[in-house]
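Now for the letters of each chain:
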Amino acid sequence: MKKVFFGFFIFIFLSVGQCFADEGFALRDYDGIELAKGTFIPVISTQEISTQYCDVGTVVKFIAISDLYLNDTNIIPQNTEFFGYIEKINEPVVATNASMIIKVSKIRFIDGFELPMRGYIYVNNNIIIGGELTPPATYEKKPSFRQGFKTTNGYVPGATRQPGVHKVIASGANLLIVLTGPLYVTHTVNN
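Model, not experiment: these values are computed from the prediction. In this convention, every chain numbers its residues from 1, walking through the sequence in written order. Predicted model: local features are reported for residues with pLDDT of at least 70 only, side-chain atom pairs are reported and counted for 80 or more only, and whole-chain, interface and lining totals are derived from all residues. The basis for every side-chain value is the complete set of heavy atoms in the structure, and neither hydrogens nor water enter the calculation.

Moving on: the nonpolar core. What we call a nonpolar core is a set of buried Ala, Val, Leu, Ile, Met, Phe, Trp, Tyr and Cys residues that are connected through their side-chain atoms within 4.5 Å. Throughout this description, buried means an accessible area under 20% of the type-specific maximum (1.4 Å probe, protein chains only), exposed means over 50%, and partly exposed covers the range between. Core analysis: the biggest nonpolar cluster contains 31 residues, and Ile49, Phe62, Ile76, Phe82 and Ile102 have the highest contact counts within it. Elements are defined by DSSP. Helices are runs of H or I of four residues or more, strands are runs of E of two residues or more, and each kind is numbered from the N terminus. Counting residues per element, this core draws most heavily on strand S8 (residues 99–108), which supplies 4 residues. Only heavy atoms matter for contacts: two residues are in contact if any of them lie within 4.5 Å across the pair. Residues within four places of Ile49 in sequence aside, it is in contact with Cys54, Val60, Phe62, Ile86, Met100, Ile102, Lys167, Val168 and Ile169.

Rendered as structure tokens:
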């Protein structure tokens, strides 16, 4: 019975497709546009994001600050919204500041159409925001020997470092989203 039903379904499907082809319906010849992996999208933060009071999984939102064109097509118009979440947080410790990783997972165009995407907030050649080494807490006096001259004293960093501080991304901060996978845009907004 399943084979008969399946055969009937295929017959109807091919018949309807042939009717549309014979009638000359102008089907849209738009396959979409692919933004390649590694594409940068300039955005601003719509909220303050901090390792001090945000948790892993906190939803964050960004807005495109300019139009992104590919050839003559406006792929991502200004004011397009990007949604993501904090994927990882490292608390501050002695000698290292706090850090976080923000993953961007969805794009919403200005007309409300949404697409999934894969990207990260990109800062200082990395997706890790923060995590810098803290300044030394002490300096030690060390003699410096020069050939043919008398010795001089200099200061070098000591063995201890200052405690780390929390990382904050201010509201309205200019950031970049880097795509970690291709983004297939099947929808463009006509102004």
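The way it works is a 1 Å grid over only the protein atoms, where trapped points that fit a 1.4 Å probe form a cavity and open points with protein on both sides within 12 Å along at least five of seven lines form a pocket, and then any residue with an atom within 4 Å of a point lines it. Grid points are joined across faces, edges and corners, and a volume is the space filled by probe spheres set on the points. Scanning the entire structure with this criterion turns up 1 cavity of 30 Å³ or more. Lining the largest cavity are Ile41, Pro42, Ala64, Ser66, Asp67, Leu68 and Ile76. The residue classification treats Ala, Val, Leu, Ile, Met, Phe, Trp, Tyr, Cys and Pro as nonpolar and Asp, Glu, Lys and Arg as charged. All others, Gly included, are polar. For the lining of the largest cavity, the residue count by class is 5 nonpolar, 1 polar and 1 charged.

Sheet analysis places strand S2 (residues 40–45) next to strand S14 (residues 174–179), joined by 5 bridges and oriented antiparallel. Each bridged residue has a counterpart across the sheet, and for Phe40 the counterpart in S14 is Val178. In the sheet, strand S9 (residues 114–122) pairs with S14 via 4 bridges, with the strands oriented antiparallel. When the sheet's bridge partners are listed, Gly119 is paired in S14 with Leu179. At least two bridges found by DSSP between two strands is the condition for calling them paired.

With that settled, the discussion passes to the side chain of Thr51. Position of Thr51 among the secondary structure elements: in the loop between strand S3 (49–50) and strand S4 (59–64). Ignoring sequence-local partners within four residues, the contact set of Thr51 consists of Ile89, Glu91, Ala98, Ser99, Met100, His166 and Lys167.

Any carboxyl oxygen of Asp or Glu within 4 Å of a side-chain nitrogen of Lys or Arg constitutes a salt bridge here. All chains considered together, the criterion is met by 4 salt bridges. The shortest N-O distance in the salt bridge between Lys106 and Glu114 comes to 3.6 Å. Its relative accessible area of 28% is what places Lys106 among the partly exposed residues. What makes Glu114 partly exposed here is its relative accessible area of 35%. In this structure, Arg108 engages Glu114 in a salt bridge whose closest nitrogen and oxygen atoms are separated by 2.8 Å. We classify Arg108 as partly exposed; its relative accessible area is 26%. Each member of the salt-bridge network shares a partner with another, and the members are Lys61, Glu81, Lys106, Arg108 and Glu114.

What follows covers unusual backbone geometry. Its identity as a non-glycine residue notwithstanding, Asn79 has a phi of 75 degrees, on the positive side. Turning to its location among the elements, Asn79 is positioned in the loop between strand S6 (73–76) and strand S7 (81–90). You can call Asn79 partly exposed: its relative accessible area is 48%. One non-glycine residue with positive phi stands out, namely Asn124, at about 50 degrees. Assignment of secondary structure puts Asn124 in the loop between S9 and strand S10 (129–130).

Stacked, edge-to-face and tilted labels apply to pairs of Phe, Tyr and Trp rings (six-membered ring for Trp) whose centres lie within 6.5 Å, assigned for plane angles under 30 degrees, over 60, and everything in between, in that order. In total, this model carries 2 aromatic pairs according to the counting rule given. Judged by centre distance (5.0 Å) and plane angle (55 degrees), the rings of Phe40 and Tyr122 are tilted. Highlighted residues: Phe40 in strand S2 and Tyr122 in strand S9, separated in sequence by 82 residues. Take Phe40: its relative accessible area is 38%, and that puts it in the partly exposed class. Given the relative accessible area of 23%, Tyr122 is considered partly exposed. Their ring planes at 35 degrees and their centres at 6.4 Å tell us that Phe109 and Phe113 sit as a pair that is tilted.

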